[in-house]
Amino acid sequence: MGILKLIDWTDDTKNTIVHKIDLEKSNDTINKGSKLTVREGQAAVFCHKGKMADVFLPGFYTLSTDNVPVLTKLMSWKYGFERPFKSDIYFVNTRQFTDQKWGTMNPIIVRDADYGAVRIRAFGTYAFRVTDPYVFLTEITGTMSTFFTQDITDWLKSIVVTRISDVIGECKIPVLDMASNLVEMGDMVRTQLGPTFEKIGLELTAFNFVNFSLPEALEKALDESTSLGILGKNMNVYMQKAQADALINASKNPGTGGVMNAGMGAGMGLGMGAAMGNMFAGMANNMGGGANANAGAGGSTCPKCGAHVRAGAKFCPECGAKIGSETCPKCGATVRAGAKFCPECGTKLGGMSCPKCGATVKAGAKFCPECGEKL
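(A) Just the packing of helix α4 (residues 150-171) against helix α5 (residues 182-198), in detail. Interhelical geometry of α4 versus α5 gives an angle of 130° and a closest axis separation of 10 Å. The angle between α4 and α5 falls in the class oblique. Relative to α5, α4 is oriented so that their crossing is right-handed. Touching L156, I159, V160, R163, I164, V167, I168, E170 and C171 of α4 are M185, M188, V189, Q192, L193, T196 and F197, all from α5. The class makeup of the residues in the contact of α4 with α5 is twelve nonpolar, two polar and two charged.

(B) Local environment of the sheet that holds strand β6 (residues 42-48). Across the sheet, which stays open at both edges, the five strands sit in the order β7-β6-β9-β3-β13 with antiparallel pairing between neighbours. For this open sheet the edge positions go to β7 (51-56) and β13 (146-148), each flanked by a neighbour on one side alone. The mean angle between the axes of side-by-side strands here comes to 20°, regardless of whether they run parallel or antiparallel. With three bridges connecting them, strand β3 (residues 16-21) and β13 associate as antiparallel partners. Bridge assignment links T16 to a residue of β13, and that residue is F148. The sheet strands contacting helix α3 (residues 133-141) are β3, β6, β7, β9 (88-93) and β13, and the helix crosses β7 at an angle near 150°. This element, α4, spans β3 and β13 of the sheet and lies at about 45° to β13.

(C) Seen up close, α5. For α5, which comprises 17 residues, the first-to-last C-alpha distance of 24 Å matches the rise-based estimate of 24 Å (1.5 Å per residue) to within 8%. Considering bend angle alone, the principal kink of α5 is centred on Q192 and spans about 35°; proline P195 follows within four residues of it. Looking only at α5, the buried set comprises L182, M185, G186, V189, L193 and F197. Among the structural elements, β12 (116-130), α4 and β14 (202-213) are those in contact with the buried residues of α5.

Reading guide: rules and limits
- Residues numbered from 1 in each chain as written.
- Predicted model: local features only at pLDDT ≥ 70, side-chain atom pairs only at ≥ 80, totals over all residues.
- Heavy atoms only, no water.
- Axes fitted to C-alpha atoms, helices over the stretch in contact; angles between N-to-C directions.
- Helix = DSSP H or I, 4+ residues; strand = E, 2+ residues; numbered from the N terminus.
- Parallel < 35°, antiparallel > 145°, perpendicular 65-115°, else oblique.
- Left-handed = near helix turned anticlockwise from the far one by under 90°.
- Contact = heavy atoms within 4.5 Å.
- Nonpolar A, V, L, I, M, F, W, Y, C, P; charged D, E, K, R; others polar.
- Pairing = 2+ DSSP bridges.
- Expected span 1.5 Å × (residues − 1).
- Bend = angle between axes of the 7 residues up to and from the residue.
- Buried < 20%, exposed > 50% of the residue type's maximum accessible area, 1.4 Å probe, protein only.

This is how it looks when you write it as structure tokens:
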């Protein structure tokens with residue numbers, strides 16, 4: 001039998017809450033004057049025959065009758081702490097145990113104003129610590145020699161999930177707004193669980209919601225609703241893009257029929273076949289008219305610059321000359337468009353000869369194209 005002169009515990013784990021120094025197994029005794037070291041983040045509790053006695057907070061102690069009054073009473077020391085004795089000593093870890101995971105094994109059914117009854121799952125983390133070692137040992141661990149976080153987290157998780165169901169059901173926060181209220185909901189759960197943890201000597205130091213999970217069918221419906229909302233706000237942009245794509249595709253197909261088919265296809269794709277079809281039909285007609293005009297049908301030639309002018313135009317689009325009449329280059333008489341000779345002097349119209357070199361010059365020209373003679 002030896003005398004335990006220094007009593008302490010160095011924690012080299014991350015999940016030990018309670019560690020027992022069993023003097024029965026080590027066959028050691030505690031003597032008057034034995035030293036006790038309790039480090040920061042620890043508490044030491046003496047226990048005699050299964051009854052919790054004196055509690056020591058962080059510090060360095062020399063054991064005597066004065067600092068073990070409860071133990072003195074339990075052992076019925078009439079003349080104080082004189083003889084060696086054996087006692088169970090429990091070191092309790094009072095630091096925070098963080099990153100404890102929680103999650104709803106089964107979905108929680110909530111009544112939502114927008115979507116009716118919705119099944120949601122929630123996930124997150126929490127942290128706790130021992131605030132009253134005496135109560136914790138009395139209510140939870142008993143005489144267990146070692147107590148780890150996993151020995152209590154399953155039970156704590158069941159309490160947490162039960163309270164979460166109440167909070168989610170009572171908070172009346174819409175499903176779509178829960179993601180923006182995670183902090184507030186976490187504070188609500190922490191507040192409601194505070195008294196429950198306090199009864200067993202614990203403190204819930206943090207509680208966090210990490211994520212909410214909706215049913216797959218509802219998530220798909222929300223995605224489709226979001227897409228339709230974006231499409232509705234930008235319908236004009238999408239229509240313009242569809243028209244442009246159709247025109248590009250039509251330009252690769254020969255003839256007006258390709259343009260018509262592309263236009264109708266784009267219109268039907270947007271659910272606006274009639275409107276789009278009319279638009280592309282008009283476009284096709286314009287393109288057909290342009291092709292006929294380029295061939296010379298339904299138009300005329302500017303008498304001044306010779307540019308092509310569409311039928312019915314009153315002025316030349318190139319030089320601005322008035323269309324429908326022209327002036328005789330010799331006598332200045334007004335001559336109708338298309339006349340070959342001046343009705344006043346008989347001069348041949350549609351062209352003239354350079355007085356210097358004799359080259360043919362178009363009507364209205366100011367200089368000869370061959371010698372540069374001013375006309």
